[in-house]
Amino acid sequence: MKKLTYMVVASFVLLFLIACGQGQTRLTDNEFEREEITLSVQITTGAIENTGGNGWIQGAKQTLDMTFKTNPRAVAIFSYDALDILDYVGIENTSIQYLGLIKGATIPTYLSHYMDAKYENVGTLFMPDWDKLELFMPDLIILGARSTGAYDRLKAQFPEADILDMSITDGYYMEGFERNVGYLKAIFPSVADDIEETYQDIVSHMDGIRQLALNKKAAIVMINGSVYSTFGAVSRYSVLFNQFGFVVADPTMETTNAHGREIDHEYVYSINPDFLFLLDRGAAIGSSGAIADFLQNNFIKQTQAFINNYVYVLNPSAWYIAFGGFHSTYQMISDMDDFIAAFSTQS
């Protein structure tokens, strides 16, 4: 009798935990058939937690053909760009019934409605909350550049879940963007047409800017308090040169560092860009901005970009946090509006 009572209690506990795991409001009543598909995906193996336990180091990427199932119901997203794309085409139009994501100060304003309690908080940009994820029981886990090192542990802990790495390799923005669009089209066929239509519209807008930007010498500076860094054509912000079409003001600039190559005001003066794009990392992560101080320097004031009023401030969430989404890429395009207005009549 005691054994039976124990089993009954254990069963109720299990059901309670399951309910807690997917206890947020069911987002839709959509029911879609699940089918197996094969995708060529990248994974990162061999990564280990850093000493602070809040990120990943080492690890090696490889590309494999892997089986995924379409139309997952419980989806955990550790990448704002993936959330951005699905939000743009309407999560309510997909198979997603339960959504877990990363919440906090870094969430872009246009995605702030996902701070609602009906969406489960499953970790940070870098690290899953393993206990919450265990209760959430995901069908699909989507990783971004900062969380890709979690693959090994996720695969061991959630062997039945599909794990999709949507990180974009520095210097290959458009290739990664197009690949990720293809992934989401395949996994969520109910919104595939909307995803493709939006992607093609973005490409068209980029091509239009490119025609105006060709042969125009530019530099991008990321400002992090009193520390400044810049990027070249093969870097995190290669999109400015390879897609939008500007010429790198410093043809010798090469860096594979995610935060660019550290520079000073005199360096910017020495390369004398005709166009200067500024990205405030501090504003992106919730601290105070420092662009005004940067622009007050006398070296900066002597550049052609400053003299001719061709200094443009980029949206920090779009360029730093949710890089690779639909909302964010349209914002990146919008950040070029002043440039377009100045030169569209001259082409």
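Located above this text is the structure these notes cover.
What counts, and where the lines are drawn
- Residues numbered from 1 in each chain as written.
- Predicted model: local features only at pLDDT ≥ 70, side-chain atom pairs only at ≥ 80, totals over all residues.
- Heavy atoms only, no water.
- Helix = DSSP H or I, 4+ residues; strand = E, 2+ residues; numbered from the N terminus.
- Buried < 20%, exposed > 50% of the residue type's maximum accessible area, 1.4 Å probe, protein only.
- Contact = heavy atoms within 4.5 Å.
- Lys, Arg positive; Asp, Glu negative; His and termini not counted.
- Charge placed at Lys NZ, Arg CZ, Asp CG, Glu CD.
- Axes fitted to C-alpha atoms, helices over the stretch in contact; angles between N-to-C directions.
- Parallel < 35°, antiparallel > 145°, perpendicular 65-115°, else oblique.
- Left-handed = near helix turned anticlockwise from the far one by under 90°.
- Nonpolar A, V, L, I, M, F, W, Y, C, P; charged D, E, K, R; others polar.
- Patch = residues over 30% accessible without salt bridge, like charges linked within 9 Å, V, L, I, M, F, W, Y side chains within 5 Å.
- Areas by Shrake-Rupley, 256 points an atom, 1.4 Å probe, with all protein chains shown as cover.
- Salt bridge = Lys/Arg side-chain N within 4 Å of Asp/Glu carboxyl O.
- Polar contact = N/O pair within 3.5 Å; in protein donor to acceptor, adjacent residues only side chain to side chain.
- Phe/Tyr/Trp six-rings, centres within 6.5 Å; stacked < 30°, edge-to-face > 60°.
- Lys NZ or Arg CZ within 6 Å of the ring centre and 35° of its normal.
- Pairing = 2+ DSSP bridges.

1. Examining the overall build of the protein
- Counting its secondary structure elements, the protein contains 15 helices and 13 strands.
- Overall, the C-alpha framework of the protein stretches about 85 × 45 × 35 Å when taken along its three principal axes.
- Going through the 347 residues of the protein one by one, you find that 48% of them count as buried.
- Residue pairs in contact within the protein that sit at least 24 positions apart in sequence constitute 68% of those at least 6 positions apart.
- In the protein, the 22 positive side-chain charges and the 41 negative ones have mean positions that sit 6 Å from each other.

2. What about the packing of helix 6 (residues 192-213) against helix 14 (residues 326-334)?
- Where helix 6 meets helix 14, the axes come as close as 10 Å, and the angle between the chain directions of the two elements is 15°. One way to sum up the angle between helix 6 and helix 14 is to call them roughly parallel. Relative to helix 14, helix 6 is oriented so that their crossing is left-handed. For the pair helix 6 and helix 14, the contacting residues are Ile195, Thr198, Tyr199, Asp201, Ile202, His205, Met206 and Ile209 in the first and Phe326, Thr329, Tyr330 and Ile333 in the second.
- Partitioning the contact of helix 6 with helix 14 into residue classes produces eight nonpolar, three polar and one charged.

3. Focus: a negative patch on the surface
- On the surface, Asp193, Asp194, Glu197 and Asp201 cluster together to form a negatively charged patch.
- Secondary-structure assignment places Glu197 in helix 6.
- Since its relative accessible area comes to 58%, Glu197 is described here as exposed.

4. Side note on the side chain of Gln42
- Relative to the assigned elements, Gln42 resides in strand 1 (residues 36-49).
- For Gln42, the side chain forms a polar contact with the main-chain oxygen of Ser167, separated by 2.9 Å.
- Excluding residues within four positions of it along the chain, Gln42 makes contact with Lys61, Gln62, Thr63, Asp165, Ser167, Thr169, Arg179 and Tyr183.

5. A closer look at the packing of aromatic side chains
- Scanning all chains against the criterion turns up 19 aromatic pairs.
- Ring plane angle 45° and centroid distance 6.3 Å describe the contact between Phe244 and Trp319, whose orientation is recorded as tilted. With a gap of 75 residues between them, Phe244 in the loop between helix 7 (239-242) and strand 10 (247-248) and Trp319 in helix 13 (residues 316-321) connect regions that are remote in the sequence. By the burial criterion, Phe244 is buried, and Trp319 matches it.
- Over the ring of Tyr320 we find Arg146; its NZ or CZ atom is 5.5 Å from the centre of that ring.
- One cation-aromatic arrangement involves Arg153 over Trp130; the distance from NZ or CZ to the ring centre is 3.8 Å.

6. Some words on the packing of helix 5 (residues 173-187) against helix 6
- Two elements in contact, helix 5 and helix 6, have axes whose closest approach is 9 Å; the angle formed by their N-to-C orientations is 165°. Taken as axis vectors, helix 5 and helix 6 run roughly antiparallel relative to one another. Classified by chirality, the crossing of helix 6 by helix 5 is left-handed. Contacts between helix 5 and helix 6 involve Tyr173, Met174, Phe177, Glu178, Val181, Leu184 and Lys185 from the first element and Ala192, Ile195, Glu196, Tyr199, Ile202, Val203 and Met206 from the second.

7. Section: unusual backbone geometry
- For Met137, which is not a glycine, the phi torsion comes out positive at approximately 55°.
- Along the chain, Met137 turns up in the loop between helix 3 (130-136) and strand 6 (140-143).
- The exposure class assigned to Met137 is partly exposed, which follows from its relative accessible area of 36%.
- Positive phi, close to 65°, is recorded for Asn309, a residue that is not glycine.
- With respect to the helices, strands and loops of the structure, Asn309 is situated in the loop between helix 12 (304-307) and strand 13 (311-313).

8. Here we look at the pairing of strand 12 (residues 275-280)
- Along strand 12, six of the six residues are buried, which leaves the element largely enclosed by surrounding structure.
- In terms of strand pairing, strand 8 (residues 217-224) meets strand 12 through six bridges, oriented parallel. Residue pairing in the sheet places Val221 in a bridge with Leu278 of strand 12.
- Here strand 12 runs beside strand 13; their pairing, made up of three bridges, is parallel. Among the inter-strand pairings, Leu278 is bridged to a residue of strand 13, identified as Val313.

9. Notes on the pattern of salt bridges
- Tallied over the full model, the rule gives five salt bridges.
- Measuring nitrogen to oxygen at the nearest pair gives 2.8 Å for the salt bridge that ties Lys185 to Glu196. One end of the pair, Lys185, is in helix 5; the other, Glu196, is in helix 6, with 11 residues separating them in the sequence.
- Judged by its relative accessible area of 27%, Lys185 falls in the partly exposed class.
- Looking at Glu196, the relative accessible area reads 25%, which means it is partly exposed.

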